[in-house]
Structure formats: structure tokens, C-alpha cells
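Structural overview for review
For reference, the chains in residue letters:
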Amino acid sequence: MQNMLTIISNALCRITGRNVGARVVASRSYADFTPQVTFDIKKCDLHRLEEGPSVKAEVTREQGLQYYRTMQTIRRMELKADQLYKQKIIRGFCHLYDGQEACAVGIEAAINQTDHLITAYRAHGFTFTRGVPIKNILCELTGRKGGVAKGKGGSMHMYAPCFYGGNGIVGAQIPLGAGIALACQYKGTKELCVTLYGDGAANQGQLFETFNMAALWKLPCIFICENNQYGMGTSVERAAACTDYYKRGDFIPGLRVDGMDVLCVREAVKFAADYCRSGKGPIVMELQCYRYHGHSMSDPGVSYRTREEIQEVRSKSDPISLLKERLLSNNMVSAEELKEIDVEIRKEVEDAAQFAIADPEPPLEDLCSYIFSDKEPLEVRGVHPWAKLKSLS
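This write-up is about the structure you can find in this document.

Turning our eyes to something else, we now look at the side chain of Ser296. Position of Ser296 among the secondary structure elements: in the loop between β10 (283-288) and α11 (307-317). A relative accessible area of 9% means that Ser296 is categorised as buried.

This is the structure in C-alpha cells:
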């Protein structure tokens, strides 16, 4: 009877937007929730593969809550970055990840923290999933001393253990990712490298050169194209004669995945990781996703697409809403519980933003520090021979 009341309460909350069943929710214990559910997910398109990832995804209550919290945190962090940019507290390049959260969270759910990851300049989400606190990300965005790169990297150059950026040159990270995979193979660690790039980089020659080497050497590398439908302001249909990016490896097997569904991404990357770790070589994945903001903060994002298109994706395919509906409709969580998580995240992000605003900028004497990781202090010439700066490791 109580489960029935809870289901009715959750349904009313979603319809009315009000917590009409607060007493029911407050009286519940963890035993009232469904601890584990197996969901049907969309089948992946395959290239040079006889079998693909599972079309069912098993999710525990704890996993569902974790995925929800992480995606919502990335969303809130990016919206705060948008606000800080418009206030001119964040300056320069700033590429936001909202709308694509299922890609980062699904990938991380399928690999190990000791596996390696390198991406392009839309890197805030992965910086967070790789373990960097929100306040250190926002400090970096605002050019403060407490930033993950000491305020010197900004939006496009953030790093963490087993995370190699954040790379500002389109496509430049792809051969680097193959090099990281070569190191994994050489060391015999059974680790792999996830190498991400966008549809805008998918036509570059260095991508195909890297594919060739990776296939010849059977490198443990998952090449992932985050196809958010637009390279800057150019739609994929106008930029590529063939938009089947998962087939671009030709001789390398490929998968096309619903990148708006965190469970689809998780299962596909699990499949790809098992493939790579078994010694079969690289695999190419295309995650079909969508960014809500423009290419960067200097792009309003509505000159080459309509507001109606953006709103339609938000209403029908939003990755957070999709997961939320699954959890609620299967009695894995309560609406009140998710609201509490939302409030916690908003406070955490706001506190991080205030910390970043109050944090000092790095002093001029730190300008040349950390050029080397293990060198004795040395002098570095400034803009003229008489300007001497010191480099500390």
C-alpha cells in the first residue's frame, strides 16, 4: 500500500511541480525503493562487428543516484560558468558542455580511474569526472591561483591524473591519445586510452593517419567522436560527405550510440573497453549528442539553428530528464530525494563560485614556474634581456 502511495505521490509531483506527498516521502526507508532495475536501451549501429553491446542495462539505485548527481553537477557548473562569463569574471575562450553530460558520465561509468582520457577544448565535464573539485575548475576558468592549472590554463587546458586535457588545437589530441595507448601497450598494464574529438575534427588528415597506426599496432585505444551535430556553426551535413563517423575507421570496427542516454553510452563503452583490453586493437565510436550552448561563449548559437530546434531536444532528449524519469517511474528514488540533491548541488556550485571570485590571481613572479616538473630553479628571460624571471618546479 505504501509503495502505491509513493508512486502516486511521485506522479503528482511531476504533474503539479509541488511536493504533495511530503509526508509519504519523509516516512520512507531505503527498503521501500526498488534496489535494482534492468532497462531496455537503444541498439547501437555496428560497423565490422558481428555482435554489439547489450540492449539491456542493469542499474542499481546507488548507480542511478550517482549518475544523476554527476550529470546535474556538470550542468549546474556550466550554467554558473555562463553567468560568470557574462559578468566578465571569466574571460577568453570558454566552451560549455551542457547537453552532453551523458557522454562524460557514461564513459567514466564504463572504464577505470586508472585508464587514460584525452579530449578537445570542451573539457570542463571530463575535468570534473576525472576528480577535480568544482572550485578548482571555476578558479581555473577565472584565472585564479587556486585553479587546477594554477590559473594559467583557462577553459581549454585543465589536467588531472590520467587526464591529459583539454587541448586547444582542433584534432591535435587524437595522435597524442594513440601515443598514450602505445604507452599502455608497452607497459603491459591492461589500461587503455579514451581519445575524444568532435565532428568538426573528424575530417582532419591526422585522424586517419592515427587510425592507420593504431590499427597496425593494435593499440588499446577507444576513439570517440562526440557528434553534437555542429562544428562551430556548420552542420555536419554541410561539412562531411559521409556523416557516418563510426565508419570512418574503415578497417577499424565501429559503433554508433545514442549519446543522450547515459546507459547506452555506458554499455557501449564497456563493450569497447573489453574489445580493446582483449588485444584486438582500437575501436571507433560515434556518440550522437547535442550541445545547448553555442560553440563557445562568443557564439549565441541561434544564427545557424533555431531556438525551436534547441527546445525540442531539451524537451524530448535531455539526458538528465531521461534518467530522472526512469528512476522515478521505477520507484528507485523519490521526487523529494532528487530535489534535495538539486539543492545540494546548487549550493556546492554557488560556494565554489564565491571561492573562485575571492581567490587571488597568481602573482607575476609565478609566471614561469612549473615549466619543468623536476628541475632546479632557473632563470627565464622575459620580454627583453634585462627582465629576469625565475622558474620553479
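Moving on, there is more to tell.
Glancing now at the pattern of salt bridges. The full count for this structure, using the stated rule, is 18 salt bridges. Across the pair Arg130 and Glu108 runs a salt bridge whose closest N-O atoms are separated by 2.8 Å. Separated by 22 residues along the polypeptide, Arg130 in the loop between α5 (124-129) and α6 (134-141) and Glu108 in helix α4 (residues 101-110) bring together distant segments of the chain. The buried category is assigned to Glu108, whose relative accessible area is 11%. As a salt-bridge pair, Glu312 and Lys316 come within 3.0 Å of each other at their nearest N and O atoms. Of this pair, Glu312 and Lys316 both sit in helix α11, four residues apart, which is roughly one turn of that helix. Classification of Glu312 as partly exposed rests on a relative accessible area of 44%. A cluster of three or more residues bridged by salt bridges with shared partners is formed by Asp45, Asp244, Lys247 and Arg256.

Core analysis: the biggest nonpolar cluster contains 81 residues, and Ile107, Val194, Ile222, Ile224, Val269 and Met285 have the highest contact counts within it. Sorting elements by how many residues they give to this core places helix α10 (residues 262-277) first, with ten residues. Ala181, Tyr197, Phe211 and Val284 belong to the second largest nonpolar core, which has 21 residues in total.

Where α4 contacts α10, the two axes come as close as 7 Å, and the packing angle between them is 40°. Looking at the two axes, α4 sits oblique to α10. As for how α4 packs across α10, the hand of that crossing is right-handed. Only Val262, Val265, Arg266, Val269 and Lys270 of α10 make contact with α4, whose side of the interface consists of Ala102, Cys103, Val105, Gly106, Ile107, Ala109 and Ala110. Within the contact of α4 with α10, the residues separate by chemical class into nine nonpolar, one polar and two charged.

Across all of its chains, the model carries one cavity of 30 Å³ or more by this definition. For the largest cavity, the full set of lining residues is Ile41, Lys42, Lys43, Cys44, Pro53, Ser54, Val55, Cys264, Glu267 and Ala268. Across the lining of the largest cavity, the residue classes break down as six nonpolar, one polar and three charged.

This part is about the pairing of strand β9 (residues 254-258). Taking burial as the measure, the five residues of β9 include four buried ones, the bulk of the element. For strand β2 (residues 45-47) and β9, the ladder comprises three bridges, and the chain directions are antiparallel. The residue of β9 that forms the bridge with His47 is Gly254. Relative to β10, β9 is paired through five bridges, and the arrangement is parallel.

A few words on a nonpolar patch on the surface. On the surface, Leu182, Met213, Leu216 and Trp217 cluster together into a nonpolar patch covering about 400 Å² of accessible area. Mapped onto the secondary structure, Leu216 falls in helix α8 (residues 205-217). Look at Leu216 and you get exposed, because its relative accessible area is 62%.

What the six strands build is an open sheet, ordered β2-β9-β10-β6-β5-β4; its pairing is mixed. The open sheet is flanked by β2 and β4 (116-118), the only strands paired with a single partner. The mean angle between the axes of side-by-side strands here comes to 20°, regardless of whether they run parallel or antiparallel. Each of β6 (221-227), β9 and β10 is contacted by α10, which is oriented at about 175° to β10, the strand it contacts most.

Calculation criteria
Residues numbered from 1 in each chain as written. Predicted model: local features only at pLDDT ≥ 70, side-chain atom pairs only at ≥ 80, totals over all residues. Heavy atoms only, no water. Helix = DSSP H or I, 4+ residues; strand = E, 2+ residues; numbered from the N terminus. Buried < 20%, exposed > 50% of the residue type's maximum accessible area, 1.4 Å probe, protein only. Salt bridge = Lys/Arg side-chain N within 4 Å of Asp/Glu carboxyl O. Core = buried A, V, L, I, M, F, W, Y, C linked by side-chain atoms within 4.5 Å. Axes fitted to C-alpha atoms, helices over the stretch in contact; angles between N-to-C directions. Parallel < 35°, antiparallel > 145°, perpendicular 65-115°, else oblique. Left-handed = near helix turned anticlockwise from the far one by under 90°. Contact = heavy atoms within 4.5 Å. Nonpolar A, V, L, I, M, F, W, Y, C, P; charged D, E, K, R; others polar. 1 Å grid on protein atoms, 1.4 Å probe; cavity = no way out; pocket = protein on both sides within 12 Å on 5 of 7 lines; lining within 4 Å. Points joined across faces, edges and corners; volume = space filled by probe spheres on them. Pairing = 2+ DSSP bridges. Patch = residues over 30% accessible without salt bridge, like charges linked within 9 Å, V, L, I, M, F, W, Y side chains within 5 Å. Areas by Shrake-Rupley, 256 points an atom, 1.4 Å probe, with all protein chains shown as cover.

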